[in-house]
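Now for the letters of each chain:
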Amino acid sequence: MKLTKKQPIGVFDSGLGGISVLKELHKLMPNEDFIFFGDSKNAPYGTKTVEEVQNLSQQIVTKFLQQNVKAIVIACNTATSAAAKKLRLTYPELPIIGLEPAVKPATLLKPHAKILVMATELTLREAKFNDLIQQFANQATIYKLPASKLVEFIEKGDTSSVELHAYLLDLLTPYCQKVDAVVLGCTHFPFARRVIQEIMGPDTAIIDGGNGAARELKRVLQVKDLLQDHTHAGSVCFENSLQTQTEIQLSRKLFENDF
Ligand code: DGL
């Protein structure tokens, strides 16, 4: 596999959530060309089996390879839990960056922090996440909160409705004033950050893994001498398995606005 600086970077998610990661990638590496693929036709991934998510992820990677990408970002915690290991074994030369709930930065906030991790059922039940929390078991108290329905709100472009607020209020009220940090362990969730912060109050830190993934990709591309030239004007191209203009417009809206 011959990789060069000029090739694009493929970024994918089960749907539109990964755009929260794409924003961080583009901010840190504005000279790169990104192809974002949202698999909205098959969203949500979080309630599927590991095999189903592995197959869907493999199909997207095959498509990206036909588009001649130099690296792939799995901008989805769920697909990372289910498929990253297998994909890295299949394509050992291709940089593949995954997402995982940002538990480590949350543990650094203070000694013995109380941390609430919001994610999909699949992410919370897989070994990858349970190994991760095991590593920090002596340093923090970690609570798991499945919130798959939040994915459906964001897929519709809903980041602040009364219904969304009511759903999150119901889910988060038991943890209000009781945790130091909320880790957004699903890439759809940063789009509801304002509502989550409002419910939890200003003293609770809200942390996601998008920036960490962007820094990791930049580091890997630098090591492999695959970063685009500074003179190149980067680009972002949106694709979606639903193939409708609405999805593409919604993708742009999520990319261009602050949430
Ligand atoms: N955005 C995905 C994640 O980071 C999951 C959404 C889904 O369930 O499809 O986990």
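Residues numbered from 1 in each chain as written. Predicted model: local features only at pLDDT ≥ 70, side-chain atom pairs only at ≥ 80, totals over all residues. Heavy atoms only, no water.

## Points about the side chain of Thr 159
Moving on, step 1. As for its position among the elements, Thr 159 is in the loop between helix 7 (149-155) and helix 8 (162-172).
Moving on, step 2. When its relative accessible area of 12% is taken as the criterion, Thr 159 is described as buried. (Helix = DSSP H or I, 4+ residues; strand = E, 2+ residues; numbered from the N terminus. Buried < 20%, exposed > 50% of the residue type's maximum accessible area, 1.4 Å probe, protein only.)

## Observations regarding the sheet that holds strand 9 (residues 235-240)
Moving on, step 1. Taken together, the five strands give an open sheet; going across it, the order is 4-3-1-2-9, and neighbouring strands pair in parallel fashion. For this open sheet the edge positions go to strand 4 (96-97) and strand 9, each flanked by a neighbour on one side alone.
Moving on, step 2. Here five bridges tie strand 1 (residues 9-13) to strand 2 (residues 33-38), and the two strands are oriented parallel to one another. Paired with Asp 13 across the two strands is Gly 38, which belongs to strand 2.
Moving on, step 3. Each of strand 1, strand 2, strand 3 (71-74) and strand 9 touches helix 1 (residues 19-28); the most contacted strand, strand 2, lies at about 175° to it. (Pairing = 2+ DSSP bridges. Contact = heavy atoms within 4.5 Å. Axes fitted to C-alpha atoms, helices over the stretch in contact; angles between N-to-C directions.)

## Some words on helix 9 (residues 193-200)
Quick reminder: α-helices carry 3.6 residues per turn. Residues three or four places apart thus point the same way.
Moving on, step 1. Taken residue by residue, helix 9 has Val 195, Ile 196, Ile 199 and Met 200 as its buried positions. Buried positions in helix 9, seen along its axis, are confined to an arc of 125° and lie on one side of it. Seen from the open side of helix 9, the exposed residues pointing more than 90 degrees away from its buried face are Arg 194 and Glu 198.
Moving on, step 2. Those residues of helix 9 that are buried are in contact with strand 5 (113-119), helix 8, strand 7 (181-184) and strand 8 (205-208).
Moving on, step 3. Of the residues one or two after helix 9, Gly 201 is the one with positive phi, at around 90°. (Arc of directions from axis to C-beta.)

## Observations regarding unusual backbone geometry
Moving on, step 1. Omega for the bond connecting Ala 43 with Pro 44 falls within 30 degrees of zero, at 0°, which places this linkage in the cis form.
Moving on, step 2. Phi at Asn 68 is positive, roughly 65°, even though this residue is not glycine.
Moving on, step 3. Of note, Gln 243 is a non-glycine position whose phi angle comes to about 50°, a positive value.
Moving on, step 4. Residue placement: Gln 243 occurs in the loop between strand 9 and helix 11 (245-256).

## Regarding the layout of surface pockets
Moving on, step 1. Of the pockets and cavities examined, the largest pocket occupies roughly 550 Å³.
Moving on, step 2. In this structure, the largest pocket is lined by 24 residues; those nearest its centre are Glu 24, Arg 193, Asp 208, Gly 209 and Asn 211.
Moving on, step 3. Only helix 1, helix 4 (103-107) and helix 10 (210-223) provide two or more residues apiece to the lining of the largest pocket.
Moving on, step 4. Per-element accounting of the lining of the largest pocket gives the leading share, five residues, to helix 1.
Moving on, step 5. The residue makeup of the lining of the largest pocket, split by class, is 10 nonpolar, five polar and nine charged. (1 Å grid on protein atoms, 1.4 Å probe; cavity = no way out; pocket = protein on both sides within 12 Å on 5 of 7 lines; lining within 4 Å. Points joined across faces, edges and corners; volume = space filled by probe spheres on them. Nonpolar A, V, L, I, M, F, W, Y, C, P; charged D, E, K, R; others polar.)

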